[in-house]
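Survey of secondary and tertiary structure
The lines below spell out each chain.
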Amino acid sequence: MVCPKCGAQVEDNATVCPSCNEALQPAAPAAEEKKAEAKKIDLKNIDFKSPKTWLVLAGAVVALVIVIAIICGIVNALSTPDRIAESYAEAYLDGDLKAVLKKSAPWVVRDVAVDLELKENASAAKVAKEFEEYDEFEKAEGKVEVVRSEVLVWVDNEYDNASSAVFNQASGMKFKEAKNIQEYARVKVYYTLTQKGEEPDEYDQTIHLAKVSGKWYVINELD
């Protein structure tokens with residue numbers, strides 16, 4: 001091995017460099033390095049004819065299915081229109097334009113991008129940065145707290161009704177995008193705004209959403 005201080009070549013098992021007297025850490029034997037490597041499972045040693053082997057495999061599969069089901073349940077619970085509307089309202093009131101655009105439908109982001117003379121496929125982050133340079137998108141003054149939300153309308157699997165409702169909200173939506181709409185919802189979000197030393201004032205915001213290709217988006221035009 002090489003001395004890290006002076007660069008002299010020394011024996012692998014040396015504890016002190018003969019040239020500069022630097023204390024050295026002996027190199028680990030090759031056998032120990034092999035033991036440190038991760039053990040590989042040899043499929044040849046697994047007895048697939050044994051009932052115990054299949055019971056273990058079945059148990060592992062069941063456990064994996066349960067974990068996936070739990071994760072999917074949590075994701076679905078957080079992906080309902082009222083939850084999306086609440087998170088959108090929180091981002092809007094917090095002045096987080098990037099988060100607002102990420103929750104907005106693709107055509108909403110595209111419309112803002114075109115207005116800012118950006119490419120139609122510009123990312124939400126790019127659009128947000130450009131938008132903030134030309135307009136004010138500020139955080140609400142005071143402490144904001146979303147209290148609750150109320151689903152006013154939820155049109156499920158009715159393309160004609162859903163698409164007509166969405167068209168009333170989205171001027172720049174393309175027909176092929178409308179064809180991918182599965183559901184439509186209108187949600188009212190209630191929140192309080194508390195100024196320092198004052199009682200909280202109550203407000204509400206109506207948010208329109210569309211489910212496109214399995215995902216809920218806010219379709220309100222950005223003011």
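We now turn to the structure provided with this report. Residue positions are counted from 1 within each chain, in the order its sequence is given. At least 70 in pLDDT is required for a residue's local features to be given in this predicted model, at least 80 for side-chain atom pairs to be given and counted, and no such filter applies to totals for whole chains, interfaces and linings, which use all residues. No hydrogens and no water enter the side-chain calculation; it runs on all heavy atoms of the structure.

Attention shifts here to the overall build of the protein. Put simply, DSSP H or I for four residues or longer makes a helix, DSSP E for two residues or longer makes a strand, and each gets a number counted from the N terminus. Within the protein, the regular secondary structure consists of 8 helices and 4 strands. Ordered by position in the sequence, the α and β elements of the protein form the string α-α-α-α-α-α-β-α-α-β-β-β. Each residue is assigned to one of three classes by its accessible area relative to the maximum for its type, calculated with a 1.4 Å probe on protein chains only: buried under 20%, partly exposed between the two thresholds, exposed over 50%. Each of the 223 residues in the protein was classed as buried or not, and the buried ones make up 30%. Here a residue-residue contact requires only that any non-hydrogen atoms of the pair lie within 4.5 Å. Of the contacts made within the protein by residues no fewer than 6 positions apart, 56% connect residues no fewer than 24 positions apart. Residue burial considers only the protein chains on display, and all accessible areas are found by Shrake-Rupley using a 1.4 Å probe. In the structure as shown, the protein presents an accessible area of about 15,200 Å², 52% of it carried by carbon and sulfur atoms.

Another point: the packing of aromatic side chains. Put simply, two rings from Phe, Tyr or Trp (the six-membered ring, in Trp's case) pair if the centres are within 6.5 Å, and we call them stacked under 30 degrees between planes, edge-to-face over 60, tilted for the rest. Applying the stated criterion across every chain, the model contains 2 aromatic pairs. Pairing Y88 with Y92 gives two aromatic rings, centres 6.1 Å apart and planes at 35 degrees, and the pair type is tilted. Here Y88 and its partner Y92 are both found in helix α3 (residues 81-93), 4 residues apart, which amounts to about one turn of the helix. The exposure class of Y92 is partly exposed, given its relative accessible area of 21%. Between Y191 and Y203, the ring centres sit 5.7 Å apart and the planes meet at 20 degrees, which makes this aromatic pair stacked. You can see Y191 sitting in strand β2 (residues 181-194) and its partner Y203 sitting in strand β3 (residues 201-212), a full 12 residues away along the chain. On the accessibility criterion, Y191 (12% relative accessible area) is buried. Taking relative accessible area as the criterion, Y203 reaches 38% and is therefore assigned partly exposed. Each ring is checked for a lysine NZ or an arginine CZ that lies within 6 Å of its centre and within 35 degrees of its normal; such an atom marks a charge sitting over the ring. Across from the ring centre of Y190, 4.0 Å away, lies the NZ or CZ of R148, which sits over that ring.

Okay, helix α5 (residues 106-115) next. Regarding α5, the residues found buried are W107, V108, V109, R110, V112 and A113. E117 occupies a position one or two residues after α5 and carries a positive phi of about 65 degrees.

Pairing analysis gives 12 bridges linking β2 to β3, with the strands arranged antiparallel. Residue pairing in the sheet places T192 in a bridge with E202 of β3. Strand pairing is assigned whenever DSSP detects at least two bridges linking the two strands. Hairpin connection of β2 to β3: 6 residues between the antiparallel strands, including G197 at a positive phi of 80 degrees.

Right, let's get into the environment of T192. Among the secondary structure elements, T192 is positioned in strand β2. Judged by relative accessible area, which is 14%, T192 ranks as buried. Along the chain, T192 and G142 lie 50 residues apart, while their C-alpha atoms are 9.6 Å from each other. In this structure T192 touches K143, V144, E145, V147, P200, D201 and E202, once residues within four positions along its chain are discounted.

With that settled, consider the pattern of salt bridges. Salt bridge, as used here, is a side-chain nitrogen of Lys or Arg placed within 4 Å of a carboxyl oxygen of Asp or Glu. Applying the stated criterion to the full structure yields 2 salt bridges. With a shortest N-O distance of 3.4 Å, K211 and E183 are connected by a salt bridge. Here E183 lies in strand β2 and K211 lies in strand β3, a separation of 28 residues in the sequence. Residue E183 is classed as buried on the basis of its relative accessible area of 9%.

Now for unusual backbone geometry. Of note, E117 is a non-glycine position whose phi angle comes to about 65 degrees, a positive value. Checked against the element boundaries, E117 lands in the loop between α5 and α6 (124-134). Assessed through its relative accessible area of 75%, E117 is described here as exposed. Residues other than glycine seldom take positive phi values, yet S213 does so here, at roughly 50 degrees. Mapping S213 onto the fold places it in the loop between β3 and β4 (215-218).

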